[in-house]
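What the coordinates show
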Number of protein chains: 2
Amino acid sequence: MGDVKVEKLLNNYKTLDEFKRFKEYGNQELSMLEDLQSNIVENNSESPFYGIYYGGSLIARMSLYKVDKKYDQYFDPQHDYLELWKLEVLPHYQGKGHGKKLVDFAKSFQLPIKTNPRINSHGFWEKMDFQKANYNMERDFGQNPLIWLPEGIMERTE
Amino acid sequence: MGDVKVEKLLNNYKTLDEFKRFKEYGNQELSMLEDLQSNIVENNSESPFYGIYYGGSLIARMSLYKVDKKYDQYFDPQHDYLELWKLEVLPHYQGKGHGKKLVDFAKSFQLPIKTNPRINSHGFWEKMDFQKANYNMERDFGQNPLIWLPEGIMERTE
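A quick note: this is a predicted structure, and the numbers were derived from the prediction, not measured.

Rules of the game
Residues numbered from 1 in each chain as written. Chains lettered and ligands numbered in written order. Predicted model: local features only at pLDDT ≥ 70, side-chain atom pairs only at ≥ 80, totals over all residues. Heavy atoms only, no water. Contact = heavy atoms within 4.5 Å. Buried area = accessible area lost by both parts, 1.4 Å probe. Salt bridge = Lys/Arg side-chain N within 4 Å of Asp/Glu carboxyl O. Polar contact = N/O pair within 3.5 Å; in protein donor to acceptor, adjacent residues only side chain to side chain. Helix = DSSP H or I, 4+ residues; strand = E, 2+ residues; numbered from the N terminus. Nonpolar A, V, L, I, M, F, W, Y, C, P; charged D, E, K, R; others polar. Buried < 20%, exposed > 50% of the residue type's maximum accessible area, 1.4 Å probe, protein only. Pairing = 2+ DSSP bridges. UniProt positions renumbered as here; feature names shortened; annotations may be inferred. Axes fitted to C-alpha atoms, helices over the stretch in contact; angles between N-to-C directions. Least-squares fit on C-alpha atoms with pLDDT ≥ 70 in both. Core = buried A, V, L, I, M, F, W, Y, C linked by side-chain atoms within 4.5 Å.

What about the interface of chain A and chain B?
At the junction of the two partners, chain A supplies 27 residues and chain B supplies 27 residues. Interface area, chain A with chain B, both sides summed: about 2600 Å², of which 61% is carbon and sulfur. Taken as a group, Asn 27, Ile 119 and Phe 141 of chain A account for 25% of the area that chain A buries against chain B, more than any other trio of residues on that side. The interface formed by chain A and chain B includes 0 salt bridges. Summed over the shared surface of chain A and chain B, the result is 6 residue pairs in polar contact (both at pLDDT 80 or more). Elements represented by at least two residues in the side of chain A that touches chain B include exactly helix 2 (27-37), strand 3 (57-67), strand 5 (81-89) and helix 5 (137-140) of chain A. Per element, the largest residue contribution to the side of chain A that touches chain B is 4 residues, and it comes from helix 2 of chain A. Split into classes, the residues belonging to the side of chain A that touches chain B amount to 12 nonpolar, 8 polar and 7 charged.

Okay, here's the thing in structure tokens:
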């Protein structure tokens, strides 16, 4: 455990092939693959994913996207924030702190974070000090937003 | 099967209690419960949910929310559309057409529809004539949007 590190993942065929082992493989990954195939993006360009390798294989990943403060509807004062999604550790490697390692990495930017957790993952997010955002239907439909606040940032209340 | 019908669900303690049997119970339902408890909404006010009852119990449901055309980022021409989410049939009642009944009900408004399907439900949505939206990271992060187009509406391409 001690020597694993979080790495920025590159957009290449190897990464995209490893992504197939994750449950949350969907339109985003397919779109990345098509962009690569049609040379819309360069091979080995940076992807929005970060991951942990173990024995040469990708065993955990998350996608992190920085949202400009002008689109922020969650925080006070309005602030750039990170949208964290597709956090997933492969089954065999769960319970070993890899998920926490990725979340700690995200927190290290000292920006507020928003995520939309999968079913049955609330216990994990609570341990990570994430809290439920007040539900606002117009903003949050289809989501159960959780947020993490660095010092000096509060949740927005309108 | 012939006699089941889709009903608008009311926001009351009975409905909210029945919601607990669905996997996708989250912030939205908790927020509805709190609003009811603190009299922010009236008992039996309309909820954004539709459902199917069988033998007096709620066995299937979905949430439907009409998004104003000024917020539309998916369709051409820009159009009011329905955001469909939390479509779920209780396990014992699956495979009997209840999911299709709810989706057909949503289509009956003749508005374009957008949904963000759960993992492993793509086969169902394909049968319902939904298609993948072109993935746009800034718009779609954390989602795998699928859309349904009524006659005369196309997907937006920028």
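Side note on the pairing of strand 3 (residues 57-67) of chain B
All names here are of chain B. Across the 11 residues that make up strand 3, a large majority, 9, are buried. Inspection of the sheet shows strand 2 (residues 45-54) paired to strand 3 by 6 bridges, in the antiparallel sense. Directly across from Phe 49, in strand 3, lies its bridge partner Ser 63. A loop of 2 residues connects strand 2 with strand 3, the two strands running antiparallel in sequence, and Gly 55 in this loop sits at a positive phi of about 55 degrees. Direction of pairing for strand 3 relative to strand 5 (residues 81-89): antiparallel, over a ladder of 7 bridges. Across the sheet, residue Leu 64 finds its bridge partner in strand 5, namely Leu 84.

Thoughts on the UniProt feature "domain: N-acetyltransferase" (unreviewed entry) in chain A
Those places that UniProt annotates as "domain: N-acetyltransferase" (unreviewed entry) correspond, in this numbering, to residues 8-158 of chain A. Within residues 8-158 of chain A, the helical portion is 25% and the strand portion 30%, while the C-alpha atoms at the span's ends are 36 Å from each other.

Some thoughts on the sheet that holds strand 6 (residues 113-115) of chain B
Residues and elements named next belong to chain B. The strand order 1-2-3-5-6-8-7 describes an open sheet built from 7 strands, whose pairing is mixed. Both edges of this open sheet fall to strand 1 (6-11) and strand 7 (131-132), since each of them pairs with a single strand only. Along the sheet, helix 3 (residues 98-107) contacts strand 1, strand 2, strand 3, strand 5, strand 6 and strand 8 (146-148); its crossing angle with strand 3, the most-contacted strand, is approximately 25 degrees.

As for the relation of the copies chain A and chain B
Least-squares fitting of chain A to chain B yields an RMSD of 0.0 Å, with the superposition described by an axial translation of 0.0 Å and a rotation of 180 degrees. Here the transformation between the copies is reduced to the relation of a two-fold axis. Here 100% of the contact residues of chain A are again contact residues in chain B; the copies associate through an equivalent surface.

A few points about the environment of His 79 of chain B
If you trace the backbone, His 79 of chain B turns up in the loop between strand 4 (75-76) and strand 5. For the pair His 79 of chain B and Val 67 of chain B, spaced 12 residues apart in sequence, the C-alpha separation works out to 8.8 Å.

Thoughts on the pattern of salt bridges
For the structure shown, the criterion picks out 24 salt bridges over all chains. For the salt bridge of Lys 86 of chain B with Glu 29 of chain B, the shortest nitrogen-to-oxygen distance reads 2.8 Å. With a gap of 57 residues between them, Lys 86 of chain B in strand 5 and Glu 29 of chain B in helix 2 (residues 27-37) connect regions that are remote in the sequence. Each member of the pair, Lys 86 of chain B as well as Glu 29 of chain B, is classed as buried. Because the salt bridges share partners, they merge into one network encompassing Glu 29, Arg 61 and Lys 86 of chain A.

Regarding the nonpolar core
One finds Met 62, Leu 84, Trp 125 and Phe 130 of chain B to be the most contacted residues of the largest nonpolar core, which totals 33 residues. When contributions to this core are tallied by element, the ones reaching two or more residues are strand 1, helix 1 (13-19), helix 2, strand 2, strand 3, strand 5, helix 3 and strand 8 of chain B. Ranked by the residues each element gives to this core, the list is headed by strand 3 of chain B, at 5 residues. Setting aside residues up to four positions removed in sequence, Met 62 of chain B forms contacts with Pro 48, Phe 49, Tyr 50, Leu 84, Trp 85, Lys 86, Leu 87, Leu 102, Phe 105 and Ala 106 of chain B. Membership of the second largest hydrophobic core comes to 32 residues, among which are Leu 9, Phe 22, Val 89 and Met 128 of chain A.

Notes on the sheet that holds strand 8 (residues 146-148) of chain A
All names here are of chain A. One open sheet holds the 7 strands; their spatial order is 1-2-3-5-6-8-7, and the pairing between them is mixed. Both edges of this open sheet fall to strand 1 (6-11) and strand 7 (131-132), since each of them pairs with a single strand only. Pairing of strand 7 with strand 8 involves 2 bridges; the strand directions are antiparallel. Of the residues in strand 8, the one forming a bridge with Gln 131 is Ile 147. Packed on one face of the sheet, helix 2 meets strand 1, strand 2 (45-54), strand 3 and strand 5 and runs near 115 degrees to strand 2.

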